[in-house]
Amino acid sequence: MQTLTKEYITSLLPMRPDNSHKATFGHVLNIAGSMHYRGAAYLSSLSALRTGAGYVTLASSPGVCQSVSALTPNIVMRPLPTRPVIYAELSPQMTDSVCIGLQSIDTESIDEKAVIQLHDLLEKASVITVGSGLSIGQSKDEFNDSTAPLSSMAIAEGNHCFFLALLGALQTRSQSMVFDADALNFISHFLHHSPRKPQTPLHLPKNSIITPHPKELARLLNIDVEAIQADRVHYATEAAKQLNTIVLLKGYHTVISDGEYAFINPTGNNALAKAGSGDVLTGIIGGFCAQGLSPLNATCLGVYLHGLAGDLAAQALSEYSVLASDLLDYIPKAIKQITNVKPINV
Ligand SMILES: NC(=O)C1=CN([C@@H]2O[C@H](COP(=O)(O)OP(=O)(O)OC[C@H]3O[C@@H](n4cnc5c(N)ncnc54)[C@H](O)[C@@H]3O)[C@@H](O)[C@H]2O)[C@@H](O)CC1
Ligand SMILES: Nc1ncnc2c1ncn2[C@@H]1O[C@H](COP(=O)(O)OP(=O)(O)O)[C@@H](O)[C@H]1O
């Protein structure tokens, strides 16, 4: 187990040749956001550009694409077709699950056939980031407990069907991929609660990275959060082996493991404990993968810089007041700070 150092991290920064163009620095395909989580799509897309990616395309529902393009002109949009959801309105007592009405509402859930329309982008993207704010459509604990009753206006599965179709299409791809947030909840559901439960262990596409917080890792491994927190390095390493992926276990002193080696991140502080800061991290790692770093190096560099951006933001704004969107302005400052260190050969 090693603690990441500033010198080592600096050595990982990708080169920025003068004779270059946007394709030199890679294309991030970010599949993110949903009706209630538009901010996650914005934060994860913009942070990839801030770390140096040449091109970011956001693929999401038309409503999300519209909201994000109103906030920034920097991201290319790929609106995906949605399907209306039929709500079953159940009796308020919830004892007999009597259906008292049906309504069709556009919840902006992406149609699973949208995966076909994504084919060209899946081909040309240098890295695919999936899951920030993608929405499971109901409370996570209900989603991950097949015995829990549906509440009266629950959306059965959000983007679950779309995600499973996408995961199928990603299986044979060799680009780097980052699975975050709801992508991890869908995978947990598939592993432990779905009637289509896999007979053999699920292996994620090669070159993938997963970014769970402790509760998400608990859902993935089907064990308690307390057990994970008591031995973070062990469980991050176990999950990396089981799922054949790089694991980034979030939290104070984030752990990164490829199943063999483990790294501890020394940067970051409680200012990062605010909704949306994990979405920024996904974009940062995607941005470094796009520039050609290996999944492990992109994760180490991304986690360190995200934490440093949080430290610099907290110095300026106080630990209380940093917003996830502030981090976007501190990514450049964090990069400038580490580039002042002379690189070493490793
Ligand atoms: N502006 C936006 O659009 C935002 C969208 N977000 C997206 O919203 C979706 C759901 O995020 P939620 O925050 O609702 O759900 P989470 O699954 O992140 O959190 C649900 C609960 O899990 C527990 N938990 C979270 N982090 C933990 C930790 N480190 N240790 C122990 N327990 C922990 C807490 O009890 C928390 O209330 C994700 O797809 C995410 O990307 C969030 O990132 C928040 C901001
Ligand atoms: N107390 C803390 N110290 C250091 N880093 C933290 C702390 N709390 C949260 N973080 C970091 O902030 C990010 C939070 O991500 P996540 O839990 O996915 O939030 P969200 O889903 O709201 O974006 C992670 O990178 C995590 O490591």
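Just so you know, the residues in each chain are numbered from 1, in the order the chain's sequence is written. By the order in which they are written, chains take letters starting at A while ligands take numbers starting at 1. Given that this is a predicted model, residues contribute local features only at a pLDDT of at least 70 and side-chain atom pairs are listed and counted only at 80 or more, while totals for whole chains, interfaces and linings are drawn from all residues.

1. A closer look at the site of ligand 2
Turning to step 1, where the next piece is worked out: In this analysis, residues qualify as near a molecule or strand once their C-beta atom, positioned from backbone atoms, comes within 6 Å of it. Around ligand 2 lies a shell of 18 residues, among which K250, G268, L272, A273 and G278 are the nearest.
Turning to step 2, where the next piece is worked out: Only DSSP runs of H or I covering at least 4 residues are called helices, and only runs of E covering at least 2 are called strands; the numbering of each starts at the N terminus. With four residues, the top contributor of residues to the shell around ligand 2 is helix α12 (residues 277-290).
Turning to step 3, where the next piece is worked out: Classification convention: Asp, Glu, Lys, Arg as charged; Ala, Val, Leu, Ile, Met, Phe, Trp, Tyr, Cys, Pro as nonpolar; all other residues, Gly among them, as polar. Residue composition of the shell around ligand 2, by class: six nonpolar, ten polar and two charged.

2. So, the sheet that holds strand β3 (residues 55-60)
Turning to step 1, where the next piece is worked out: Strand pairing is assigned whenever DSSP detects at least two bridges linking the two strands. The mixed open sheet is built from ten strands, whose spatial order is β1-β12-β11-β10-β9-β8-β7-β2-β3-β4. The open sheet has two edge strands, β1 (2-3) and β4 (76-79), and neither has a second partner.
Turning to step 2, where the next piece is worked out: As paired strands, strand β8 (residues 176-179) and strand β9 (residues 208-210) are joined by three bridges and run parallel to one another. From the neighbouring strand, M177 faces β9, where its bridge partner is S208.
Turning to step 3, where the next piece is worked out: α12 rests against β2 (27-31), β7 (127-130), β8 and β9 of the sheet, and its axis sits at about 170 degrees to β7. What counts as a contact here is a pair of residues whose C-beta atoms, placed from the backbone, lie within 7 Å. Here an angle of 0 to 180 degrees is reported between the N-to-C directions of two axes, which are lines fitted to C-alpha atoms, with helices fitted over the stretch in contact.

3. What about the site of ligand 1?
Turning to step 1, where the next piece is worked out: If you check the shell around ligand 1, you find 19 residues, and the closest are Y37, G39, A40, A181 and A275.
Turning to step 2, where the next piece is worked out: The biggest single contributor to the shell around ligand 1 is helix α2 (residues 38-50), with three residues.
Turning to step 3, where the next piece is worked out: Here the residues of the shell around ligand 1 sort into seven nonpolar, seven polar and five charged.

4. Points about the UniProt feature "binding site: AMP" (unreviewed entry) in the protein
Turning to step 1, where the next piece is worked out: UniProt positions are given in the numbering used here, feature names are shortened, and annotations may be inferred rather than shown by experiment. In the UniProt entry, the feature "binding site: AMP" (unreviewed entry) is given for K250, G251, Y252, H253, T254 and G278. Taken along the chain, the residues just named run across 29 residues; in space they keep tight, none of their C-alpha pairs more than 14.2 Å apart.
Turning to step 2, where the next piece is worked out: Looking at the secondary structure, you find G251 in the loop between β10 (246-249) and β11 (255-257).
Turning to step 3, where the next piece is worked out: As a rule, residues whose C-beta atom has 12 or fewer other C-beta atoms within 10 Å are exposed, those with 20 or more are buried, and those in between are partly exposed; C-beta atoms are placed from the backbone. In this structure G251 comes out as partly exposed when scored by C-beta crowding, with 17 C-beta atoms within 10 Å.
Turning to step 4, where the next piece is worked out: Here G251 is in contact with H213 and P214, once residues within four sequence places are set aside.
Turning to step 5, where the next piece is worked out: Relative to the elements of secondary structure, H253 occurs in the loop between β10 and β11.
Turning to step 6, where the next piece is worked out: A residue is classified by how many C-beta atoms lie within 10 Å of it, and H253, with 14 of them, is partly exposed.
Turning to step 7, where the next piece is worked out: If sequence neighbours within four positions are ignored, H253 has contacts with I264 and N265.

5. Comments concerning unusual backbone geometry
Across residues other than glycine, the phi torsion is negative in most instances, and most of the peptide bonds are trans.
Turning to step 1, where the next piece is worked out: Look at N207: it is not a glycine, yet its phi comes out positive at around 70 degrees.
Turning to step 2, where the next piece is worked out: One can find N207 in the loop between α8 (181-192) and β9.
Turning to step 3, where the next piece is worked out: What makes N207 partly exposed here is the crowd of 17 C-beta atoms within 10 Å.
Turning to step 4, where the next piece is worked out: For N222, which is not a glycine, the phi torsion comes out positive at approximately 60 degrees.
Turning to step 5, where the next piece is worked out: Residue placement: N222 occurs in the loop between α9 (214-221) and α10 (225-230).
Turning to step 6, where the next piece is worked out: On the neighbour-count criterion, N222 (11 C-beta atoms within 10 Å) is exposed.

6. Let's talk about the pairing of β4
Turning to step 1, where the next piece is worked out: Sheet analysis places β3 next to β4, joined by four bridges and oriented parallel. Within β4, the residue paired with T57 across the bridge is V76.
Turning to step 2, where the next piece is worked out: The definition of a right-handed crossover adopted here requires that, viewed with the strands pointing away, the path from the first strand over the helix to the second runs clockwise. This β-α-β element, β3 to helix α3 (residues 62-71) to β4, shows right-handed connectivity.

7. Considerations on the confidence of the model for the protein
The predicted coordinates of low-pLDDT regions are not to be read in fine detail.
Turning to step 1, where the next piece is worked out: Confidence of the prediction at every residue is given by pLDDT, a number between 0 and 100. Averaged over the protein, the pLDDT score is 89; the fraction of residues at 70 or greater is 84%.
Turning to step 2, where the next piece is worked out: Note that pLDDT drops below 50 for residues 149-155; the model gives that stretch twelve contacts with residues more than four away or on any other chain.
Turning to step 3, where the next piece is worked out: Reported for the predicted complex are a pTM of 0.91 and an ipTM of 0.96.

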